[in-house]
Amino acid sequence: MTAVSRPSRITLYVYGLLILFVLYLPLVAVGFASVSKARYLNFPVKRYTSEWLVSSLTSPNVHVLVTTSLKVALVVTVISVVIGFFAALAFARFQWRYRSFYQKLILLPIFFPQTVLGLALLIWFSALGITPSWKTAVVAHLVWITPITTLIIAIRAYGFDPSLEEAARDMGATTFEIIREVTIPLLMPGIVAAGLFAFLLSWGNFPLSLFTSGVDATLPKWLYSRMVSGFTPQIPAIGMLAVASSTVLVLLGLAVMWGLRRRA
């Protein structure tokens, strides 16, 4: 391995910090907008207020939107992780005739534009006479997110030593006991990461929810509608609260994965 000189290392650090600055600079603007007394952001901010943050936390309408988004995200997370767990084992652990075709087929929805996928699902639901609601939004999210959870868990499964399961089977363990005591604990970091990705992708998903949630508006869908018409500083305030919640969730997920790695 070639050693990196000190000037090159400093240059790389500065470059990385510059990229982070460019990526997160819009969030700084949203943060200022959420605590500005003025209806529209003017910089520097002349008058600060916590009115919009408080109203976001106490608004019954926001509570309904958050409840709907959480309901969709939690259901999607559980179902996508369960399906992704077995789907990942199917193509990462076993050799069978159509394994390569199965790999390509299950990952195909990731490459579809979400707007096209959402519109296609809406047409399909309409053809079946199904009224769009949060339940159809769950189906739409699953179509796009399940391949992602499958891929994440499969990455962990590829590094899994099959001899551990074989040893457990030789000791008389049943298939269920092997999955519970051997497979799941060893794949747990991948399962946690997949669940984290699934929740955040569903929680913040706008294109699929726009087409398939019907009257059950999710938080991203409502934020977009208020950005188009009826904008108030409450919109960036809700956005900042959502970002803060997502950040806390990511940190908790990283803490869980760190704890699992230490136990291993």
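In the block above lies the structure referred to throughout.
Residues numbered from 1 in each chain as written. Predicted model: local features only at pLDDT ≥ 70, side-chain atom pairs only at ≥ 80, totals over all residues. Heavy atoms only, no water.

S.K.: Please clarify how the overall build of the protein chain should be interpreted in this entry.
M.R.: The helix and strand inventory of the protein chain stands at 11 helices and zero strands. Along the protein chain, helices and strands appear, N-terminal first, in the series α-α-α-α-α-α-α-α-α-α-α. With respect to the three principal axes, the spread of C-alpha positions in the protein chain is 70 × 65 × 30 Å. Burial status across the protein chain gives 36% buried among its 264 residues. Carbon together with sulfur atoms contributes 72% to the accessible area of the protein chain, which is approximately 16100 Å² in total. For the protein chain, the distance from the average position of its 20 positive side-chain charges to the average position of its 8 negative side-chain charges is 18 Å. (Helix = DSSP H or I, 4+ residues; strand = E, 2+ residues; numbered from the N terminus. Buried < 20%, exposed > 50% of the residue type's maximum accessible area, 1.4 Å probe, protein only. Areas by Shrake-Rupley, 256 points an atom, 1.4 Å probe, with all protein chains shown as cover. Lys, Arg positive; Asp, Glu negative; His and termini not counted. Charge placed at Lys NZ, Arg CZ, Asp CG, Glu CD.)

S.K.: Sorry, what's going on with the packing of aromatic side chains here?
M.R.: Any aromatic ring pair is given by two values, namely how distant the centres are and how the planes are angled relative to each other. Taken as a whole and judged by the stated rule, the model has four aromatic pairs. Residues Phe206 and Tyr224 carry aromatic rings whose centres are separated by 4.8 Å and whose planes lie at 45° to one another, so their mutual orientation is tilted. Here the residue Phe206 occupies a position in the loop between helix 8 (175-203) and helix 9 (207-212), and Tyr224 occupies one in helix 10 (residues 219-228), the gap between them amounting to 18 residues. Note that Lys71 overlies the ring of Trp134, its terminal NZ or CZ placed 4.6 Å from the centroid. (Phe/Tyr/Trp six-rings, centres within 6.5 Å; stacked < 30°, edge-to-face > 60°. Lys NZ or Arg CZ within 6 Å of the ring centre and 35° of its normal.)

S.K.: Looking at this structure, I do not really get the packing of helix 7 (residues 162-170) against helix 8. What am I missing?
M.R.: Between two packed helices, what matters for the description is the angle formed by their axes and the separation of those axes. At their nearest, the axes of helix 7 and helix 8 sit 10 Å apart, and the two run at 165° to each other. One finds that helix 7 runs roughly antiparallel with respect to helix 8. For the pair helix 7 and helix 8, the crossing hand works out as right-handed. Note on element contacts: helix 8 touches helix 7 through Ile178, Val182, Thr183 and Leu186, opposite Leu164, Glu165, Ala168 and Arg169. Among the residues forming the contact of helix 7 with helix 8, the class breakdown is five nonpolar, one polar and two charged. (Axes fitted to C-alpha atoms, helices over the stretch in contact; angles between N-to-C directions. Parallel < 35°, antiparallel > 145°, perpendicular 65-115°, else oblique. Left-handed = near helix turned anticlockwise from the far one by under 90°. Contact = heavy atoms within 4.5 Å. Nonpolar A, V, L, I, M, F, W, Y, C, P; charged D, E, K, R; others polar.)

S.K.: Any chance you could explain the nonpolar core here in plain terms?
M.R.: Soluble globular proteins: nonpolar side chains tend toward being buried together. Judged by nonpolar contacts, the single largest core of 34 residues is most densely connected at Val76, Phe85, Trp144, Ile153, Leu187 and Ile191. Every element with two or more residues in this core is listed here: helix 3 (60-92), helix 4 (99-107), helix 5 (114-127), helix 6 (134-158) and helix 8. Not counting residues within four places of it along the chain, the set of residues in contact with Ile153 comprises Val81, Gly84, Phe85, Ala88, Leu187, Gly190, Ile191 and Ala194. Counting 12 residues, the second-largest nonpolar core is a separate cluster that includes Val62, Trp203, Leu223 and Ile238. (Core = buried A, V, L, I, M, F, W, Y, C linked by side-chain atoms within 4.5 Å.)

S.K.: What is the right way to look at the environment of Gly204 in this model?
M.R.: By secondary structure assignment, the location of Gly204 is in the loop between helix 8 and helix 9. For Gly204, a relative accessible area of 46% gives the class partly exposed. Considering only alpha carbons, one finds Gly204 and Pro113, 91 residues apart in sequence, at a separation of 16 Å.

S.K.: Teacher, can you tell me more about the packing of helix 4 against helix 6 here?
M.R.: Interhelical geometry of helix 4 versus helix 6 gives an angle of 135° and a closest axis separation of 9 Å. If you check the angle between helix 4 and helix 6, you find them oblique. Across the interface between the two elements, Arg99, Gln103, Ile106 and Leu107 from helix 4 touch Pro147, Thr150, Leu151 and Tyr158 from helix 6.

So far we have only geometry, and geometry alone does not tell us how the molecule works.
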